[in-house]
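Tertiary structure, described
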Amino acid sequence: MLTVEGLRSRYGRIEVLHGVDLHVDSGEIVAVVGANGAGKTTLLRCLSGVQPVSAGQIMFRGEPLTAVPAFRRLQRGLAQSPEGRQIFTNLTVEENLRLGAFIYEDERVDRDMQDAFAMFPILREKRNLAAGGLSGGQQQMLAIARALMGRPACLLLDEPSMGLAPILVAQIFDVVKSLKALDVTVLLVEQNAFGALSIADRGYVLETGRISFEGAAAELIADPRIREAYLGI
Amino acid sequence: MKLSAKQASLLVLAVLIVLSPFFFPSGYYFRVGSLLFVNGLAVVGIVILTGFAGQISLGHAGFVGIGAYACALAPAYLGLHPALSAVLGAVVSGATAYLVGRPILRLKGYYLAVASLGFGILVSMVLANEARWTGGPDGIKTPDLGLRGLLADMGLELTNPQFWYALSGLALLIGAWLALNLRDSPTGRALRALHGSEVAARTVGIDVAQAKLMAFVVSAVYASASGSLLALQNRFITPDVAGYMHSIELVTMAVLGGAGSVLGAIFGAGILTLLPQALTVFQNYEQIMLGLVMMLVMVFMRQGLLPSVLGLMRGRGE
Amino acid sequence: MSLLVVEGLGIKFGGLHAVKDVGFTLKSGEIVSIIGPNGAGKTTLFNMISGIYLPLAGRVMLNGEDVTGMSPNRLAERGLSRTFQNLQIFQSMTVLENVMAGFHLQARGPVLSDMLGLPGSRRRSREAEAGARLLLERVGLERAAEREAGALSYGALKRLEIARALALRPKVLLLDEPAAGCNAVETEEIDHLIAAVAAEGVSILLVEHDMKMVMRISNHIVVLDYGEKIAEGDPATVSRDKRVIAAYLGAQATEAANADG
Amino acid sequence: MPELMQFLLSGITVGAVYALVALGFTIIYNASDVVNFAQGEFVMLGGMITVFAYQAGLPLPLAALIAIAATAAAGVAFNKLAIETARGAPVVSLIIITIGASIFIQGVAQVVFDKQLHRLPAFSGDEPLHVFGATILPQSLWVMGGALIVFVGLWVFFTRTLTGRAVLATSNNRLAAQLVGINTNFVMTLSFGLSAAIGALAGVLVTPITLTSYQIGISLALKGFAAAMLGGMGNPKGALVGGIALGLLEALTAGYLSSQYKDAVAFVVILAVLFAMPQGLFGRKAMERV
Amino acid sequence: DIKLGATVSETGPASFLGDPEAKTLKLMVEQINASGGIKGEKIKLFLYDDGGDPNKARTFATRLVEDDGVVAIIGGTTTGTSMSVMPVVEDAKIPFISLAGAIEIIDPVRPNTFKTPHTDRMACEKIFDDMKKRGYTKIGMLSGTDGFGASMRAQCLAVAPNYGITILADENYGPKDADMTPQLTNIRGKSDIQAVLSPGFGQGPAIVTRNYAQLGITLPLYQSHGVASNGFIELAGAKASEGVRLPGTALLVGELLADNDPQKPVVMAYKTAFEKATGTPVSTFGGYAHDALRIFVDAVSRSKSTKPADIRDAIEKTSGLVGTTGTVTMSPKDHLGLDLGSFRMLEIKNGGWVLVK
Ligand SMILES: Nc1ncnc2c1ncn2[C@@H]1O[C@H](COP(=O)(O)OP(=O)(O)OP(=O)(O)O)[C@@H](O)[C@H]1O
Ligand SMILES: Nc1ncnc2c1ncn2[C@@H]1O[C@H](COP(=O)(O)OP(=O)(O)OP(=O)(O)O)[C@@H](O)[C@H]1O
Ligand SMILES: [Mg+2]
Ligand SMILES: [Mg+2]
């Protein structure tokens, strides 16, 4: 579904991705883990088109994506819940969700919104309040819900569990798992590596801009080097 | 020995000021040079307020006006020496900034801009309307500084443009030196910090209101000094110096050159002072060219001219 | 004696009673954690204690002095310092300068002295720089010292905030989710750092959703839900509290935490 | 009290002019946080193009239509060539670009048209209408009507349409706007086109009252800017109320206090209002939490 | 070549004064050079646009003196720009002919400074003279706050007592204001007022005139020479401006002048040439530039050299030179050389100008 080959990207003169190769098959959940500053966020930004790619190829559903502008990528089926949440702070919660489905104008939008409210009831409570007033965790829920409103074929999640209460972290991972049933492919960047790998099919380890390990999630969890470096066990 | 960025900036500035006259074909160039320095001085003040502390003022010409009119009015009504009048102007400007700054610096962004704009308009309106004192819109004469005569007595004969070139060049150097010192001092860091995040600045102990007020006062004094120099040099002054067009011009100079950097802003003052002189050959097309150049610079050098150029050079160097 | 005493603190936003009648105490060198579901009012509580919001009710005593509603900069002078859940970085300054700004209270001096570059001003800057470099080393950012802060990754910025907060040499340190965005290993480093700071006698108030960390280092835990305190006690007590499990921890998480602990 | 009535009518007339200019600011501001200092030039272009097209023999409505379309095109071109190319530049740099554009457009107008003052015939004649002992020109009603219609249009646009929401989203968080599929470039183009068209419409409506020349833009823009800030930047309601309030302030000051210092009094009142309400009368406080 | 400098406000708030001035200078220099120049030498014109900014004007004056090496300077469209050019020319001893109105420019007399337009004091005197003749002694004033309006207001306030005129209302308007009905309402409210005087230039006077008609005020309205051009009638509208009186120069009423009037040929020649070359109607202001250039040319042809000092001396000896503003005769005590007689009181009738007898 999504193939990345030799992806390089830079901020100004500093290159932070030095040729990343990875692929995500349809219906898979793939986890990417790595230390602070490894380039995980940069990788996702490249995929969603808000970060220039200096070399390499991104193929999505068999078509090259590199030249597609960011705002068209949702139409192609790629949605992202970005790092730092990036909600529309001055708009209401409901407006945020509605804009998540900006490219659609049908009755399914309303249904999706009800689904989002069902998933995160607090959002329903706060639907008419400015999103900037939400607590950190509530904003994180909003960011995820907004991404889902875009009806993605492939969902890119950048640290979705960040700032969420433990009970919700578990819930988020359940949601991600349940997306599989809906045929949504997920690329999951997580610091909670244990949680991520537990629900993922496969995983990658990104180390200073390069993939250093890859394999089935279970294998990675079992790998002593990874256990020591990223799982803290 | 390796020069710090500050020393390098000052050195570049000093060398340019001292060496350029050797290439000047006529006295007119001294005049343009001194104008550049006078504008540069006010713009350095803008750098402190806007570049460092992130507060936008569209009324700084008001302080230029106070500085300028101090040099016309204090000698006439108080019998003060012109040089002392300039000092008085700076004091009045600083005090006015202190009083005005307290309420308006609570505002942010455009709201601050419009409030300061209102202040500037108020000043220029008083200057224009109180004709009995100020000579009204047609302006008022300022006395001779007398320093040039003094120098001549000491054997240093300078033409008028040469004298003002030297004096305002010196003033700019001092102004730039002070601002560069400020930038990397604890106070300067506090200003730049509150620019980044007021909340965080307060939690590290910075009295944000106080710091902003300080920046406002200091930049007002710079503007005032610039106005005084202009008035004494021109020997005649009109309320136009206090008008909003001049305020906007000052901010434009700062941003065009690179608002965060002292040298850059002076560079910007240079461009906007020299450009109209150079563009006179285009006659009716002058304004078109000026607008075009401003847009092109900002489109292709977003951080301002100097920082962008330096960035390019550094990029090559590595 | 208690360094920080919070009594009956409350605030409303519109109709929402975001924090209601919350109180607790913090002793010297103690680590107290505030936990609770998202939106429970933890950050809001921090904002009131640190002077960013004016509480509607209750009071805050710092070192025996009533500091309710005092501005953050005056609180900083009294030894209270904090980090932010929503990063508050001085973006266009370097990493080093960010931490140096944290030394403001020790480094500040007369404007004139600073503008004239008098030796005193230069000395104050030098001292701040030396202190800042030490702190950067302590949080593992020494190699990024000269980089523009805006260019750091999220996790690195979290640590930068801690370094800046430490620069004030606080007596009371408020940390709002310091480990968010860090993986298990990085979290453990922060964990050690916090413990070490506390060991130096600094009192720490911690908000964190990483239960492993909270359970490991807290002396005392206060649990909020819908703005109200629903439980408090030592980690073992709190983690067994039914209401806490139901509202916050969830069954799975508790198992996991217990298994690891 | 025919005097008071006359002052009020004068204030509302001038206020409606300011309101129309202020309304023009809102769209670009809402899309990009940029106060477009060239907005006054759009007003000028609207007036000047109409004047010259009309002098060339076109019927007035057609001339006005051409002026509005041409100005909108100029706005779009300005966005495409300058603002869009400067993508990612800090807001201050964008503001300077708009100042440059203002100078540029003035320069062009001065060459293409001339430096003289011009006037358009009033749409419904010059016969004053009498209201409670005071008089008002029919053209003032045109201006007021224009302001009202533009206000309603903008209000509906921003609160009732998804595109309007997309405009707000773009300025609030451009990155996120792209991620949810908003073509932010198009939003900007649309905003500049609309703003320019509103400006031009203002120019057409007010020229019979205020007269026009290549350089009227700046002072109109400043007044409009002040009005918009008084009302709260970005909110159409604020622009309308702020404009009318500013006009009334000036007229009442000129009538009762001092015609010399009427602008000053107006600014003092603005300062006082901002002191009490730092976001203006209807401005929304930006929601940022720490 | 004879190098002549000029700095006028082609753009900026005074551009509708400066623009015809610049056009006139260019046009006439071309004409003179085409017909062989002065004493066989061609004039080289250095013309700068100071945008009405006094600071710029001073810089251009320095440029003209120091860099271009001109022998004389024409310009200073406004009083402010003229006043800031003066220190430069007095320093360098270069003759300077200002095109601005205020009396301060030539009073006190400075060695190198001359000017062509009537002073604003003369305009006040001319108007008050006319009022007195018609028996108006109580008037209201509504002045622009720009340089022109403010300066003339001050002069009028000063000379009014000489004509037994009391000013009962003294209102002002900003140069960019769009509506003056409040001020006019206040003037109308004072029942004793017999006439209204409105000194100003730019769009202000036109709007005043229109508001005057809107309010249905029937008192006689006097404008200043600042609006003495056909453009004014067009902007204010023929109907609203019917009956408005103002002091103007012969230029506006060239056709109406008696055939034996010495100004008639001069005025008509300039008018024809200007209107043919530019396609726009002449205005009083272009006439000022015309006269300044004529004074310069006349002086150069009389002086023994083209040195600035000699030209200055020759200008001071100008005598009986017929220009558009009047017949100029200067002296060491009078660097204007015009009297009130050359000012004409004009009235607008049926959208055109007529001479008031
Ligand atoms: N705007 C920027 N300018 C310059 N460098 C940047 C910028 N953003 C990120 N970087 C650098 O790029 C590298 C990768 O950053 P990235 O944010 O992708 O890391 P990450 O893996 O997401 O880390 P984290 O887990 O902390 O979020 C880091 O070294 C960071 O400092
Ligand atoms: N400025 C505000 N305006 C409106 N509501 C607010 C504001 N600040 C906080 N709230 C509300 O108060 C409640 C508490 O928020 P707070 O940020 O304190 O939660 P929290 O416990 O820190 O949550 P999290 O764990 O998600 O960070 C939330 O419901 C939030 O929406
Ligand atoms: Mg990241
Ligand atoms: Mg929180």
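Residues numbered from 1 in each chain as written. Chains lettered and ligands numbered in written order. Predicted model: local features only at pLDDT ≥ 70, side-chain atom pairs only at ≥ 80, totals over all residues. Heavy atoms only, no water.

1. Overview of the overall build of chain D
Helix and strand counts for chain D stand at eleven helices and two strands. Ordered by position from N to C terminus, the α and β elements of chain D give α-α-α-α-β-β-α-α-α-α-α-α-α. Taken over C-alpha atoms, the radius of gyration comes to 19 Å for chain D, in line with the 19 Å a tight globule of 290 residues would show. C-alpha atoms of chain D, sized along the principal axes, occupy 60 × 50 × 35 Å. (Helix = DSSP H or I, 4+ residues; strand = E, 2+ residues; numbered from the N terminus. Rg over C-alpha atoms; globule rule 2.2 N^0.38 Å.)

2. A closer look at the site of ligand 2
Near ligand 2 lie 24 residues; those nearest to it are A:Lys126, A:Ser135, A:Gly137, C:Thr43 and C:Thr44. Nearby residues place ligand 2 at the junction of chains A, C and D. Measuring from an oxygen atom of ligand 2, one finds a backbone N or O atom of C:Ala40 at 3.2 Å. C:Gly41 places a polar main-chain atom, nitrogen or oxygen, 2.9 Å from an oxygen atom of ligand 2. When isolated, ligand 2 has an accessible area of 640 Å², and the protein chains bury 92% of it. Looking at the shell around ligand 2 residue by residue, the class counts come to eight nonpolar, twelve polar and four charged. (Near = heavy atom within 4 Å. Polar contact = N/O pair within 3.5 Å; in protein donor to acceptor, adjacent residues only side chain to side chain. Areas by Shrake-Rupley, 256 points an atom, 1.4 Å probe, with all protein chains shown as cover. Nonpolar A, V, L, I, M, F, W, Y, C, P; charged D, E, K, R; others polar.)

3. Here we look at helix 7 (residues 203–214) of chain E
Residue and element names in this part refer to chain E. The first and last C-alpha atoms of helix 7 sit 16 Å apart over twelve residues, in line with the 16 Å expected at 1.5 Å per residue. Among the twelve residues that make up helix 7, eleven are buried, leaving the element largely enclosed by the rest of the structure. Looking one or two residues beyond helix 7, the residue adopting positive phi is Gly216, at roughly 70°. (Expected span 1.5 Å × (residues − 1). Buried < 20%, exposed > 50% of the residue type's maximum accessible area, 1.4 Å probe, protein only.)

4. Details of the coordination of the magnesium ion (ligand 3)
All names here are of chain A. For the magnesium ion (ligand 3), the full set of protein donor atoms is Thr41 (OG1) and Glu83 (OE), at a range of 1.9 to 2.0 Å. Residue Thr41 is found in helix 1 (residues 40–48), and its partner Glu83 is found in the loop between strand 6 (78–81) and helix 3 (93–100); the two are separated by 42 residues along the sequence. Judged by relative accessible area, which is 22%, Glu83 ranks as partly exposed. (Donors = N, O, S within 2.8 Å, 3.2 Å for Na, K, Ca; no water.)

5. Re the site of ligand 1
Lining the immediate environment of ligand 1, one finds 19 residues, of which A:Lys40, A:Thr41, A:Thr42, A:Gln191 and C:Ala151 sit closest. One finds residues of chains A and C in close proximity to ligand 1. Here C:Ala151 contributes a backbone N or O atom positioned 2.6 Å from an oxygen atom of ligand 1. In the model, an oxygen atom of ligand 1 is placed 3.4 Å from a nitrogen or oxygen of the C:Tyr154 main chain. Those elements giving two or more residues to the shell around ligand 1 turn out to be helix 1 of chain A together with helix 7 (154–167) of chain C. If you tally residues by element for the shell around ligand 1, the top one is helix 1 of chain A, at three residues. Across the shell around ligand 1, the residue classes tally to seven nonpolar, eight polar and four charged.

6. Description of the coordination of the magnesium ion (ligand 4)
Distances from the magnesium ion (ligand 4) to its protein donors, C:Thr43 (OG1) and C:Gln85 (OE1), fall at 1.8 to 2.1 Å. Of this pair, C:Thr43 sits in helix 1 (residues 42–49) while C:Gln85 sits in the loop between strand 6 (80–82) and helix 3 (95–102); the two residues are 42 residues apart in sequence, bridging distant segments of the chain.

7. Observations concerning the interface of chain B and chain D
Tallying the contact residues gives 40 residues for chain B and 53 residues for chain D. For the pair chain B and chain D, the interface holds zero salt bridges. At the junction of chain B and chain D, the tally comes to eleven residue pairs in polar contact (both at pLDDT 80 or more). Breaking the side of chain B that touches chain D down by element, the ones donating at least two residues are helix 4 (82–104), helix 5 (109–129), helix 12 (244–257) and helix 14 (286–300) of chain B. Here the side of chain B that touches chain D takes eleven residues from helix 5 of chain B, the largest share from any one element. Class assignment of the residues belonging to the side of chain B that touches chain D gives a composition of 30 nonpolar, seven polar and three charged. (Contact = heavy atoms within 4.5 Å. Salt bridge = Lys/Arg side-chain N within 4 Å of Asp/Glu carboxyl O.)

8. Considerations on unusual backbone geometry
That bond from E:Asp107 to E:Pro108 is cis: its omega, 5°, falls within 30 degrees of zero. Relative to the elements of secondary structure, E:Pro108 occurs in the loop between strand 4 (96–98) and strand 5 (113–115). Although it is not a glycine, A:Asp183 adopts a positive phi angle of roughly 70°. Within the secondary structure layout, A:Asp183 lies in the loop between helix 7 (166–181) and strand 8 (185–189). Exposure remark for A:Asp183: the relative accessible area of 57% places this residue in the exposed category.

9. Let's talk about the nonpolar core
As a rule of thumb, soluble globular proteins bury nonpolar side chains together. In terms of nonpolar packing, the biggest core is built from 202 residues, with B:Ile48, B:Leu191 and D:Ile97 touching the most fellow members. The leading source of residues in this core is helix 11 (residues 208–234) of chain B, at 15 residues. The residues touching D:Ile97, leaving out its near neighbours within four places in the chain, are B:Met295, B:Met298, B:Val299, D:Phe78, D:Ala82, D:Ile83 and D:Ala86. One finds E:Met86, E:Val89, E:Ile106 and E:Val159 within the second-largest nonpolar core, a separate group that totals 81 residues. (Core = buried A, V, L, I, M, F, W, Y, C linked by side-chain atoms within 4.5 Å.)

10. Here's the deal with the packing of aromatic side chains
Throughout the structure, instances matching the rule amount to 25 aromatic pairs over all chains. Plain terms: the ring middles of E:Tyr48 and E:Phe60 are 4.8 Å apart, the flat faces sit at 10° to each other, and that makes the pair stacked. In this pair, E:Tyr48 is assigned in strand 2 (residues 43–49) and E:Phe60 in helix 2 (residues 54–68), connecting sequence segments twelve residues apart. Per residue, the accessibility class of E:Tyr48 equals that of E:Phe60, and both read buried. A connected cluster of aromatic rings, assembled from ring pairs, spans B:Phe24, B:Tyr28, B:Tyr29, B:Phe30, B:Phe37 and B:Tyr165. One Lys or Arg, A:Arg146, reaches over the ring of A:Phe88 and ends 5.0 Å from the middle of that ring. (Phe/Tyr/Trp six-rings, centres within 6.5 Å; stacked < 30°, edge-to-face > 60°. Lys NZ or Arg CZ within 6 Å of the ring centre and 35° of its normal.)

11. A few points about the confidence of the model for chain E
Residues of chain E with pLDDT of at least 70 account for 100%, and the chain-wide mean is 92. Here the complex is predicted with pTM 0.94, and the ipTM for its interfaces comes to 0.94. (pLDDT = per-residue confidence, 0-100.)

12. Concerning the pairing of strand 4 (residues 55–60) of chain A
All names here are of chain A. Here five bridges tie strand 1 (residues 2–11) to strand 4, and the two strands are oriented antiparallel to one another. Note on strand 4: the bridge partner recorded for Arg8 is Ala55. Sheet topology places strand 4 next to strand 5 (residues 63–64); two bridges connect them, and they run antiparallel. Residue pairing across strands places Met59 opposite Pro64, the latter belonging to strand 5. (Pairing = 2+ DSSP bridges.)

13. Overview of the pairing of strand 8 of chain A
Residue and element names in this part refer to chain A. Counting buried positions along strand 8 gives five out of five residues, so the element sits mostly inside the fold. Here strand 8 shows no split at all, with Thr185, Leu187 and Val189 on one side and Val186 and Leu188 on the other all buried. Pairing geometry for strand 3 (residues 29–34) and strand 8, over four bridges, is parallel. The residue bridging Val32 from the neighbouring strand is Val189, located in strand 8. Note on the crossover from strand 7 (residues 154–158) through helix 7 to strand 8: the handedness is right-handed. (Right-handed = clockwise from strand over helix to strand, strands pointing away.)

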